[in-house]
Amino acid sequence: MSPVQPTTTHVNKWSAISRFFHWVSALLLLVTWVMIFTYENTDNSFYIGLHKAFGVSLLFWMIARVISRVFTKAPPPVPMPKWQETISKLSHFMLYALLIAMPMAGLLMSVYGGRAVSMFGLFDIPVFVTPDRGLARFFNDVHTDIIWNLILVFTALHIAAALYHQFVKKDKLINRML
């Protein structure tokens, strides 16, 4: 008689580079949020400078992440209803798009406002457009009123879906990114 083996579900993980990109993106986003929250609650311009530098870092990180994603094979999909798969693909696409659009709008808000963006005091992204107060306000509105709210919604949806899979469906989907 052979020993009883515990049943386990095999989980096909994302590649190490994809997991690295995912978690660094999440960290950059969190730090960027903490910097703007700190700035708004202290009115210390040091934190808005860090918010901008981390935001631009997130922009370049996301561009690298998209390039990596194009060349990195995804693991086989986890079985789920077609509607969940469609929502998953749409929400991931939206997160990528928003995580690129948000820092782009912030950068454009700064440069159209005539302000260079200091990258941690190492170098500046110069004003590369003719300053235009109207466009600076437009990009401010896009950055703070539109994209910010969308990022909150899609981030919450992403986290809720991961928790649903982990604790309700118990299909170990979250382990693909750990």
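Whatever comes next refers back to the structure up there.
Description of the structure in this document. Predicted model, so just to flag it, every value in this text is computed and none were measured.

### Structural notes on the overall build of the protein
Looking only at helices and strands, one finds four helices and two strands in the protein. Scanning the protein from its N terminus toward the C terminus, one meets helices and strands in the order α-α-α-β-β-α. The C-alpha atoms of the protein give a radius of gyration of 20 Å, which is well past the 16 Å a tight globule of 178 residues would have. The C-alpha extent of the protein, read off along each of the three principal axes, is 80 × 35 × 35 Å. Here the protein holds 178 residues, and 32% of them are scored as buried. When contacts within the protein are restricted to residue pairs at least 6 apart in sequence, long-range pairs at least 24 apart make up 70% of them. As displayed, the protein offers around 11,400 Å² of accessible surface, 70% of which is attributable to carbon and sulfur atoms. Of the side chains in the protein, 15 bear a positive and 8 a negative charge, and the two mean positions are spaced by 17 Å.

### Quick look at the packing of aromatic side chains
Applying the stated rule across the entire model yields seven aromatic pairs. Measuring from centroid to centroid gives 5.8 Å for Y112 and F139, while their planes differ by 10°, and the two rings are stacked. You can see Y112 sitting in helix α3 (residues 82-112) and its partner F139 sitting in helix α4 (residues 133-169), a full 27 residues away along the chain. Judged by its relative accessible area of 17%, Y112 is buried. Taking the relative accessible area as the measure of exposure, F139 reaches 16% and is therefore buried. Here the aromatic rings of F138 and F139 are separated by 5.1 Å at their centres, their planes lie at 75°, and the arrangement is edge-to-face. The class of F138 is partly exposed, set by a relative accessible area of 45%. Among the aromatic residues, those joined into a ring-pair cluster are F20, F21 and W61.

### Some points on helix α1 (residues 16-42)
In this model α1 runs 38 Å from its N-terminal to its C-terminal C-alpha over 27 residues, within 8% of the 39 Å that 1.5 Å per residue would give. Along α1, the positions that sit buried rather than exposed are S18, F21, H22, S25, L28, L29, T32, M35, I36 and T38. The elements touched by buried residues of α1 are α2 (45-71), α3 and α4. Of the residues trailing α1, D43 is marked for its positive phi of about 60°.

### Considering the side chain of T155
Here T155 shows up in helix α4. Leaving out residues up to four positions away in the same chain, T155 has contacts with L29, W33 and L95.

### Thoughts on the environment of K52
With respect to the helices, strands and loops of the structure, K52 is situated in helix α2. Through-space distance from the C-alpha of K52 to that of S118 is 7.7 Å; in sequence the pair is 66 residues apart. Apart from the residues within four sequence positions on either side, K52 is in contact with S110, R115 and V117.

### Quick word on the packing of α1 against α4
Two elements in contact, α1 and α4, have axes separated by 14 Å at closest approach and are oriented at 135°. With respect to α4, the axis of α1 lies oblique. Between α1 and α4 the crossing geometry is left-handed. Side by side, α1 and α4 meet where H22, L29 and W33 of the first sit next to W148, I151, L152, T155 and H158 of the second.

### Thoughts on a nonpolar patch on the surface
Taken together, the side chains of F60, I63, I67, V70 and F71 present a nonpolar region at the surface, about 570 Å² in accessible area. Within the element layout of this structure, V70 appears in helix α2. Residue V70 is classed as exposed on the basis of its relative accessible area of 64%.

Reading the values: the criteria
- Residues numbered from 1 in each chain as written.
- Predicted model: local features only at pLDDT ≥ 70, side-chain atom pairs only at ≥ 80, totals over all residues.
- Heavy atoms only, no water.
- Helix = DSSP H or I, 4+ residues; strand = E, 2+ residues; numbered from the N terminus.
- Rg over C-alpha atoms; globule rule 2.2 N^0.38 Å.
- Buried < 20%, exposed > 50% of the residue type's maximum accessible area, 1.4 Å probe, protein only.
- Contact = heavy atoms within 4.5 Å.
- Areas by Shrake-Rupley, 256 points an atom, 1.4 Å probe, with all protein chains shown as cover.
- Lys, Arg positive; Asp, Glu negative; His and termini not counted.
- Charge placed at Lys NZ, Arg CZ, Asp CG, Glu CD.
- Phe/Tyr/Trp six-rings, centres within 6.5 Å; stacked < 30°, edge-to-face > 60°.
- Expected span 1.5 Å × (residues − 1).
- Axes fitted to C-alpha atoms, helices over the stretch in contact; angles between N-to-C directions.
- Parallel < 35°, antiparallel > 145°, perpendicular 65-115°, else oblique.
- Left-handed = near helix turned anticlockwise from the far one by under 90°.
- Patch = residues over 30% accessible without salt bridge, like charges linked within 9 Å, V, L, I, M, F, W, Y side chains within 5 Å.
- Salt bridge = Lys/Arg side-chain N within 4 Å of Asp/Glu carboxyl O.

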